[in-house]
Amino acid sequence: MNIRLTLLCSLLLTSAASAGSVMLTVKADSENKTADKKKAEVTRATWLNVRLTNTTNTKLEGVTLKWTLYAANLRRGSDDIVVEKSGEMKVSVDANGRYADVATPKVAFVYTPMHTESSGSGRRMRSKTVEESGHRYHGFHVQVINGDTVLGEVFSNESLKKQLK
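Note that this is a predicted model, so its numbers are computed, not measured. (Residues numbered from 1 in each chain as written. Predicted model: local features only at pLDDT ≥ 70, side-chain atom pairs only at ≥ 80, totals over all residues. Heavy atoms only, no water.)

**Focus on the packing of aromatic side chains**
Right, so step 1: Per the counting criterion, the structure on display carries one aromatic pair.
Right, so step 2: Relative to Tyr137, the ring of Phe109 lies with its centre 5.6 Å away and its plane at 85°, an arrangement referred to as edge-to-face. With Phe109 in strand β6 (residues 107-112) and Tyr137 in strand β9 (residues 133-146), the pair connects residues that are 28 residues apart, well separated along the chain.
Right, so step 3: On the accessibility criterion, Tyr137 (27% relative accessible area) is partly exposed.
Right, so step 4: When the ring centre of Tyr99 is taken as reference, the NZ or CZ atom of Arg51 above it lies at 3.7 Å.
Right, so step 5: Here Lys106 stacks its cationic end above the ring of Trp47, 4.7 Å away from the centre of that ring. (Phe/Tyr/Trp six-rings, centres within 6.5 Å; stacked < 30°, edge-to-face > 60°. Helix = DSSP H or I, 4+ residues; strand = E, 2+ residues; numbered from the N terminus. Buried < 20%, exposed > 50% of the residue type's maximum accessible area, 1.4 Å probe, protein only. Lys NZ or Arg CZ within 6 Å of the ring centre and 35° of its normal.)

Here it is, written out as structure tokens:
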């Protein structure tokens, strides 16, 4: 049984290494930036914490980490996914399973959720519905590139990958 498990593990490691020389782990983090709790507009800062693991026995020098944060355009009648911010940085990773941790800059997503607002008082009280608007965080795409070769790639979810391809 242990021989089969060892063989299976070595096959899996070999296929992972041949599929790309970098394993990517990406976590999107965010924090609320809205100062006034009575205000309907919401501001959330979002950034990516990326771990690049070099699965080869050769040091990766100056590879490019490309990242993109996408937003849902909340304008009524629109279901667009737009690029809120993107960037790239140079990264080096030592060989043999070593890793590098990288954090992208914080990006502000500003939007207003659908809500009602009241005006007047007593019998003259009126309320109106305010439609949602702005850009709310939708997902990310991260690539590690060496020249024209994609060494690793991650999308936050399959639906985003399908929408972009």
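**A look at the nonpolar core**
Right, so step 1: Within the largest apolar cluster, 23 residues are counted, with the highest numbers of intra-cluster contacts made by Leu24, Leu48, Val50, Leu52, Val91, Val142 and Val144.
Right, so step 2: Element by element, the count of residues in this core is highest for strand β3 (residues 60-73), at six residues. (Core = buried A, V, L, I, M, F, W, Y, C linked by side-chain atoms within 4.5 Å.)

**Quick word on the side chain of Thr68**
Right, so step 1: Examined against the element boundaries, Thr68 turns out to sit in strand β3.
Right, so step 2: Judged by its relative accessible area of 13%, Thr68 falls in the buried class.
Right, so step 3: Not counting chain neighbours up to four residues away, the residues in contact with Thr68 comprise Val83, Lys85, Ser86, Gly139, Phe140 and His141. (Contact = heavy atoms within 4.5 Å.)

**Some remarks on the pairing of strand β7 (residues 115-119)**
Right, so step 1: In the sheet, β7 pairs with strand β8 (residues 126-130) via five bridges, with the strands oriented antiparallel. Looking at the pairing, Glu117 lines up with Lys128 of β8.
Right, so step 2: Between the antiparallel neighbours β7 and β8 lie six residues, among them Gly120 with a positive phi of about 85°. (Pairing = 2+ DSSP bridges.)

**Regarding the environment of Asn73**
Right, so step 1: Relative to the elements of secondary structure, Asn73 occurs in strand β3.
Right, so step 2: Its relative accessible area of 12% is what places Asn73 among the buried residues.
Right, so step 3: Considering only alpha carbons, one finds Asn73 and Glu84, 11 residues apart in sequence, at a separation of 9.8 Å.
Right, so step 4: Beyond its immediate chain neighbours, meaning those up to four positions away, Asn73 contacts Ser78, Asp80, Gly134 and His135.
Right, so step 5: Within polar-contact distance, the side chain of Asn73 engages the backbone nitrogen of Arg75 at 3.2 Å. (Polar contact = N/O pair within 3.5 Å; in protein donor to acceptor, adjacent residues only side chain to side chain.)

**Here we look at the pairing of strand β10 (residues 149-155)**
Right, so step 1: Across six bridges, the pairing between β9 and β10 is antiparallel. Bridged to Gln143 within β10 is Glu153.
Right, so step 2: The antiparallel pairing of β9 with β10 creates a hairpin that spans two residues between the two strands, and Gly147 there sits at a positive phi of about 70°.

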